[in-house]
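Examination of the molecular architecture
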Amino acid sequence: MAKVTIYTRAFCPYCTRALQVLKDKGVELNEIDAGMDPALREEMVQRSNGGRTFPQIFVGETHIGGCDDMLALDRSGKLDPMLASV
């Protein structure tokens, strides 16, 4: 299963939802709380090519977007194959 990196911030309902979906799938997570750390937030923006909203999710090194993007991938049946690869 691919390693997932997710940039989060405290009290973010989208972050909570994304984390729960990934945990329910048994995904190995690297959660980075970037909400109050300007350096980590800038790292997130750079890695995501400008993504400033939370969460920003990466499967391996592939940026898949935020929570809504991940849920759309899941609904279309594309998320599980991504998680199984790499």
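The structure contained in this document is the topic of the report that follows. Treat the numbers as computed from the prediction; the structure is a model and nothing was measured.

Concerning helix H2 (residues 38-47)
One side-chain oxygen at the N-terminal end of H2 lies 3.0 Å from the backbone nitrogen of Ala-39; it belongs to Asp-37. Asn-49 lies just past H2 and shows a positive phi near 55°.

Concerning the sheet that holds strand E3 (residues 56-59)
With mixed pairing, four strands are arranged side by side in an open sheet as E2-E1-E3-E4. Only two strands of the sheet have a single partner each, and these edge strands are strand E2 (29-33) and strand E4 (62-65). For this sheet the average axis-to-axis angle between neighbouring strands, irrespective of direction, equals 25°. With three bridges connecting them, E3 and E4 associate as antiparallel partners. Along E4, the bridge assignment pairs Ile-57 with Gly-65.

A few points about the side chain of Gln-56
Relative to the helices and strands, Gln-56 is located in strand E3. Among the polar contacts listed, one links the side chain of Gln-56 to the backbone oxygen of Thr-53, at a separation of 2.9 Å. Within polar-contact distance, the side chain of Gln-56 engages the side chain of His-63 at 2.5 Å.

Criteria and cut-off values
Residues numbered from 1 in each chain as written. Predicted model: local features only at pLDDT ≥ 70, side-chain atom pairs only at ≥ 80, totals over all residues. Heavy atoms only, no water. Polar contact = N/O pair within 3.5 Å; in protein donor to acceptor, adjacent residues only side chain to side chain. Helix = DSSP H or I, 4+ residues; strand = E, 2+ residues; numbered from the N terminus. Pairing = 2+ DSSP bridges. Axes fitted to C-alpha atoms, helices over the stretch in contact; angles between N-to-C directions.

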